[in-house]
Structure formats: C-alpha cells, structure tokens
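# What the coordinates show
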Amino acid sequence: MKQRIVTGLIAGAVFILMLVLGGYWFSALILVMAAIGYDEFLRMNSLKTHRKTGWIGMSGVLLISLPWHLSEIWPYFGIDNFVWLFLFLFLAITVISKNKVTIDRAAMFFFGIVYIGFGFHYMTATRMSADGHGLFWTFLVFLCIWANDSGAYFTGTMFGKHPLWPTISPKKSIEGSIGGIMLSVVVALVFAWAKPQLLSVGHAVVLGVVVAVVGQLGDLMQSAYKRVKGIKDTGTILPGHGGILDRVDSWLIVFPAVHMLSLIPY
C-alpha cells in the first residue's frame, strides 16, 4: 500500500505539472505514455516477435497521438489520413511477409494504434483547444473521471449490494456506479459555477453523466480484455499500479467520446 501511495503521488504530481505547463511539455509526456502503452499492448497480445511490424505500429501510435489539425507545420494532414495510411500498411505487410504476419495479427496491430492513438490524440487536442481554454477543459474532464472513480469506489464500498457486471469485474456494484455518476456531475457543476461563460449548468450535467458512464464502460472494457488474456495488470512500470494502460483505461475512451459528442471544443 505504501508503494502504491508513493507511486501515485509522484506520478500524479509529474502529470499535473506537465498538464499545467502544456505545449511541448504535455505533448512529450503524452507521446511517452502512448509509446509505453502500445508496447504493453503488443506484449499482452504476444506481438513482440514481429519487431519490424511493431515499429511501424509504434510510429502509427505516435503520429496519431499528435493534434496535427492544430499544427502550423502540417495543418492539412489529419488523423483520418494517418488511420487510412496505417490500415493500408498493415494490409500490405500481410502480402509482403507472405502471411508470416497474418491478417489476424495485422488487425491487432491496427486495433492497437487506433485504440491507443485516438485516446491520447484527444487528450493533447483538448489541452491545445482552439478556443484558448484548453487547461479548463482538460482539468474538467480529468477531474470528472477521477471523481467518478472515487465516487464509485467509496459508494460501492459503503452501500454496494447489487453487482454491476460480476462476470467481468466482480467488485463493482450498481450503487457504486450511481455514486460515481453523481460525483462526476457535482464536479462538472462546480466548473460551471466557476466559469459560467464557458459551461452552462445543463451542459455540465450532460458532460458529467457522459464522462462517468463512458469512463465506467472504458474500465470494464479493459477488465474484460485482461480477463480474456488471463492477466492482472498490463505492465509493471508503475509499482503498485500496474502499467500505463491500467491507469488510462477510462481516459482512452472518455476523451474521444466527449469530442465526438461535441461536448468540449476541438
């Protein structure tokens, strides 16, 4: 427990510092996290033996993670272009390798860059929001995610009686889920009170609910995946916490969701 607390405090402090600094600092941190996350994904799926294909996948994750639409260097080459490019490359690899890299394995390489790349892309894009309030929106989403996690944990611990999804995550309860949603909405309302010109009460309620519900689904998705693979953690880089993917499971789903639903500026 002590190791878990120390790791959490150090990692949290570094992350928040980079988030506040923004710009290249936050972008660099996101790229490092994306690279480690993709490496964990390859290990989970026994894909490390295909080293060259793995490096192509890693390039895809790093390129997709960056908000190219905001770049003055390459403003017209967007994320959709990169997605198609790497879909083409992975399909071509099956032919070039004479099926040493099968279509199933190519699909997993591609799935990994979309799942991880899109999630981290929208984190960076939120911080670099074109409306100039990126720090506000990024803190809003992260604090709603963390409030949802905390609310679900403590409410579930105190009042949880009805399992939410026992075959995937036996400890989660319906009561905990509701508690997480409620606390997420409360946090969003605090942001609406602090900056009413940016966030209305109605908008805050919708955002709080969406972040909590999608975040809980993201957590369950990762739990289901790890259960299929027969593993407890995706990695060991964070002592007491597991791997990067263990920590960002809900982030990778929430950030794209709130952007695609147009709940925060892009």
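I will try to describe carefully the structure that is included in this document. Counting restarts for each chain, with residues numbered from 1 along the sequence as it is written. In view of the model being predicted, local features appear only for residues whose pLDDT reaches at least 70, and side-chain atom pairs are presented and counted only at 80 or more, with totals across whole chains, interfaces and linings using the full set of residues. As a rule here, side-chain values come from all non-hydrogen atoms in the structure, and water together with hydrogens is ignored.

## Considerations on the nonpolar core
Here, nonpolar core means buried Ala, Val, Leu, Ile, Met, Phe, Trp, Tyr and Cys residues that are tied together by side-chain atoms lying within 4.5 Å of each other. Relative accessible area decides the class of each residue, using a 1.4 Å probe on protein chains only: under 20% of the type maximum gives buried, over 50% gives exposed, and in between gives partly exposed. Counting 65 residues, the largest nonpolar core has Tyr38, Phe90, Phe120, Leu140, Trp251 and Val258 as the members making the most contacts within it. Segments assigned H or I by DSSP are reported as helices when at least four residues long, segments assigned E as strands when at least two residues long, and all are numbered from the N terminus. Residue contributions to this core peak at 10 residues, all from helix α5 (residues 103-127). The contact criterion used throughout is that any non-hydrogen atoms of two residues lie within 4.5 Å. Look past the residues within four positions of Trp251 in its chain and what remains in contact with it is Phe15, Met33, Met123, Phe142, Ile145, Trp146 and Pro256.

## Describing the pairing of strand β2 (residues 169-173)
In this analysis, strands are considered paired if DSSP registers two or more bridges between them. Examined bridge by bridge, strand β1 (residues 163-165) and β2 share 2 bridges and lie antiparallel to one another. Within β2, the position partnered with Pro163 by the bridge is Ser173.

## Thoughts on unusual backbone geometry
Phi angles above zero are rare outside glycine, and Ser46 is one such case at about 55 degrees. For Ser46, the location among the structural elements is in the loop between α2 (23-44) and α3 (51-65).

## Thoughts on the pattern of salt bridges
Only one rule defines a salt bridge in this text: a Lys or Arg side-chain nitrogen within 4 Å of an Asp or Glu carboxyl oxygen. Counted by the stated rule, this structure contains 4 salt bridges. In this structure, Asp39 engages Lys48 in a salt bridge whose closest nitrogen and oxygen atoms are separated by 2.5 Å. Among the charged side chains, a salt-bridge network with shared partners connects Asp39, Arg43 and Lys48.

## Here's the deal with the packing of aromatic side chains
Each Phe, Tyr or Trp ring (for Trp, its six-membered ring) is paired with any other whose centre lies within 6.5 Å, and the angle between the two planes then decides the class: stacked below 30 degrees, edge-to-face above 60, tilted in between. Counted under the stated rule, the structure contains 17 aromatic pairs. For the pair Phe136 and Trp137, a centre-to-centre distance of 5.2 Å together with 85 degrees between the ring planes defines the contact as edge-to-face. Relative to Trp146, the ring of Phe142 has its centre 5.3 Å away and its plane inclined at 20 degrees; by these criteria the two rings are stacked. Linking Phe142 with Trp146, this pair stays in helix α6 (residues 134-159), spanning 4 residues, or about one helical turn. Here the aromatic cluster, defined as three or more aromatic residues joined through ring pairs, consists of Phe15, Phe26, Phe142, Trp146, Trp251 and Phe255.

## Some points on helix α8 (residues 201-229)
Between the first and last residue of a helix there are one fewer steps than residues, each counted as 1.5 Å, and that sum is the expected span. Between its terminal C-alpha atoms α8 stretches 42 Å, which fits the 42 Å expected from 29 residues at 1.5 Å a residue. In the segment just after α8, Gly230 is the residue with positive phi, at about 70 degrees.

## Focus: the environment of Lys52
Checked against the element boundaries, Lys52 lands in helix α3. When the C-alpha atoms of Lys52 and Ser177 are compared, they prove to be 42 Å apart, with 125 residues separating the residues in sequence.

## Focus on the side chain of Asp249
Tracing the sequence through the fold places Asp249 in the loop between α9 (244-248) and α10 (251-260). When charges are counted, Lys and Arg are positive and Asp and Glu negative, with His and the chain ends excluded. Despite its burial, Asp249 pairs with no opposite charge; the closest candidate is Lys226, at 5.6 Å N-O.

## A look at the side chain of Ser184
Inspection of the secondary structure assignment puts Ser184 in helix α7 (residues 174-194). Polar contact is defined as a pair of N or O atoms within 3.5 Å, subject to the rule that within protein one atom must be able to donate a hydrogen and the other to accept it, and that residues adjacent in sequence are counted only when both atoms are side-chain atoms. Among the polar contacts made by the side chain of Ser184, one reaches the main-chain carbonyl oxygen of Gly208 at a distance of 2.8 Å. Beyond its immediate sequence surroundings of up to four residues, Ser184 is in contact with Cys144, Ala147, Asn148, Gly208, Val211 and Ala212.

## Comments concerning the environment of Leu19
Tracing the sequence through the fold places Leu19 in helix α1 (residues 2-21). Using a relative accessible area of 0% as the deciding quantity, one classes Leu19 as buried. Taking the C-alpha atoms as reference points, Leu19 and Leu29, 10 residues apart in sequence, are found 8.9 Å from one another.

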